[in-house]
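Read off the chains here:
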Amino acid sequence: MTATEHASVDFEALQRLVGQVITDIGGAVTAPLALLGDRLGLFTELASGGPATPTALAKRTGLVERYVREWLLAMAASGYVTYEGGEPGAADPDSAGSGRYRLSPEQADAFTNPASPGYVIGAFQNLTAGTRMLDRLTEAFRTGEGFGWHEHHEDMFVGTERFFRPGYLAHLTGEWIPALTGVADRLAAGALVADVGCGLGASTVIMASAYPASTFVGVDYHRPSIDMACGRAAEAGVADRVSFRVAGAADLATSAEGRYQLITFFDCLHDMPDPLGALRAARAAVAEDGRVMLVEPMSWDRVSDALNPLGRLLAGASLFICLPSGLSAPPAAGLGNQAGPRRTQELAVEAGFSDARVATATDFNLVYELTP
Ligand SMILES: C[S@@+](CC[C@H](N)C(=O)[O-])C[C@H]1O[C@@H](n2cnc3c(N)ncnc32)[C@H](O)[C@@H]1O
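None of these values were measured; they are calculated from a predicted model.

Cut-offs and rules
- Residues numbered from 1 in each chain as written.
- Predicted model: local features only at pLDDT ≥ 70, side-chain atom pairs only at ≥ 80, totals over all residues.
- Heavy atoms only, no water.
- Helix = DSSP H or I, 4+ residues; strand = E, 2+ residues; numbered from the N terminus.
- Contact = heavy atoms within 4.5 Å.
- Core = buried A, V, L, I, M, F, W, Y, C linked by side-chain atoms within 4.5 Å.
- Buried < 20%, exposed > 50% of the residue type's maximum accessible area, 1.4 Å probe, protein only.
- Domains from an automatic or database assignment.
- Expected span 1.5 Å × (residues − 1).
- Bend = angle between axes of the 7 residues up to and from the residue.
- Polar contact = N/O pair within 3.5 Å; in protein donor to acceptor, adjacent residues only side chain to side chain.
- Near = heavy atom within 4 Å.
- Areas by Shrake-Rupley, 256 points an atom, 1.4 Å probe, with all protein chains shown as cover.

Student: Would you take a moment to explain the environment of Gly 37 for this structure?
Tutor: With respect to the helices, strands and loops of the structure, Gly 37 is situated in helix 2 (residues 11-39). As for Gly 37 and Trp 71, which are separated by 34 residues in sequence, their C-alpha atoms are 8.1 Å apart. If sequence neighbours within four positions are ignored, Gly 37 has contacts with Leu 42, Phe 43 and Trp 71.

Student: Help me understand the nonpolar core in this model?
Tutor: In this structure, Leu 252, Ile 263, Phe 265, Leu 279, Phe 353 and Leu 370 are the most contacted members of the largest nonpolar core, which totals 35 residues. At the level of secondary structure, the elements contributing two or more residues to this core comprise strand 3 (192-196), strand 4 (215-220), strand 6 (260-266), helix 13 (275-285), strand 7 (286-297), helix 15 (309-326), helix 16 (341-350) and strand 9 (365-371). Considering every element that reaches this core, the biggest residue donor is helix 13, with six residues. Excluding anything up to four places from it in sequence, Leu 252 contacts Ala 194, Val 196, Val 219, Arg 245, Tyr 260, Ile 263, Ala 281, Ala 282 and Ala 285. Membership of the second largest hydrophobic core comes to 29 residues, among which are Leu 187, Met 207, Ala 229 and Val 367.

Student: In this structure, what is going on with the domain arrangement of the protein? I would like to understand it.
Tutor: For interface size, the figure often reported is the accessible area lost on association. Splitting the protein by domain gives domain 1 (3-111) and domain 2 (164-302 + 330-371). Relative to domain 2, the C-alpha centre of domain 1 lies at a distance of 39 Å.

Student: How should I be thinking about helix 2 in this particular structure?
Tutor: One full turn of an α-helix is made of 3.6 residues, so residues set three or four places apart face in the same direction. Across its 29 residues, helix 2 extends 42 Å between first and last C-alpha, which sits within 8% of the 42 Å expected from 1.5 Å per residue. Where helix 2 bends most, the angle comes to about 25°, and this point is Thr 30, followed within four residues by the proline Pro 32. For helix 2, the full list of buried residues reads Thr 30, Ala 31, Ala 34, Leu 35, Gly 37 and Asp 38. Structurally, helix 2 contributes buried residues whose contacts are with helix 3 (42-49), helix 5 (65-78), helix 7 (121-131) and helix 9 (155-176). Taking the backbone nitrogen of Glu 12 as reference, a side-chain oxygen 2.9 Å away marks Asp 10 as the first, capping residue of helix 2. Gly 41, located one to two residues past helix 2, shows a positive phi value of around 75°.

Student: Explain the site of the ligand here, please?
Tutor: Lining the immediate surroundings of the ligand are 18 residues, of which Tyr 168, Gly 197, Asp 220, Ala 249 and Phe 266 lie closest. Within the backbone of Ala 249, one N or O atom sits 2.9 Å away from a nitrogen atom of the ligand. Across the complex, the protein chains shield 93% of the 590 Å² of accessible surface that the ligand would expose by itself. Per element, the largest residue contribution to the shell around the ligand is three residues, and it comes from helix 9.

Here it is as structure tokens:
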């Protein structure tokens, strides 16, 4: 560095930047440790069994006290676990070994309640799985190649279901479907629905449970996900009206019962190497008076609008997961999860839909209604 460049550094700005990095690196190491707490039942035991010292929690979980003690300290410093202080009368009450820890009601909800809209364990699970691909991603920057969804660690598949399901429970049948023209009434009366890129079938099962007169077909190219989806439908008691099959989105065909009244894509169109082919197949398979619903992550057409904490998370997830998936096979469209509403709507029109509108939105998702 030259003397001039050095002189131009604003040391207060540098200090702020380093301070931010300390916070960020702390978050980065916390994410896999929170996942570890989920895997080992530490959060659930604290939630169900109540406050504990490291020794008590280690005993209750059958784990080693020395590790449990360090984990509690890391989680308490992150605000994921609440430090209560020492047992009254203890010799050294504020030491890491003798203090008691608990989960506040909000911490218990976020880390142990899969039905809560604030349940975040899935985010730790799928993003930690994504970062396992750092070496592949480094190479991908040099070659331009991608890697498919199926190449990830299995935490990606289960973590994605756990991450997205709370949002589907909160919004799908109460807000998103009612925002589409005439669709809620059709499903209530009995309709045929295809859920493309269904993964473990969280959305399929939620829709099937809400619309008992309708029949659902979940389609995904990833066989292990489809196998798990079949299990989810059976557990929910909807397997008589829900079937799943292994197929690429571009191979979606009209079913034996005719065209679909509704075709859905939940958080998957941008992951597909051929999103245009997938939309064309949906256009061919949907009834002329039916609808296609695209649920996509929030994204912005302008870079300056994307420079916010959610945009940061999504662009990072896109690099580890969505963009390589979209580049993993011909025609390698590589949309990434930040394609933006304009590009998404243009694709739908290019695929033959007469209209593509944003029907509704949440903080995290855009919901598009495509009209044949
Ligand atoms: C982010 S996951 C979303 C899964 C599910 N829709 C959900 O919301 O939980 C993306 C899904 O798209 C699927 N997928 C990717 N490319 C596909 C393709 N060409 N055809 C069918 N499914 C595909 C993946 O297997 C994966 O299950």
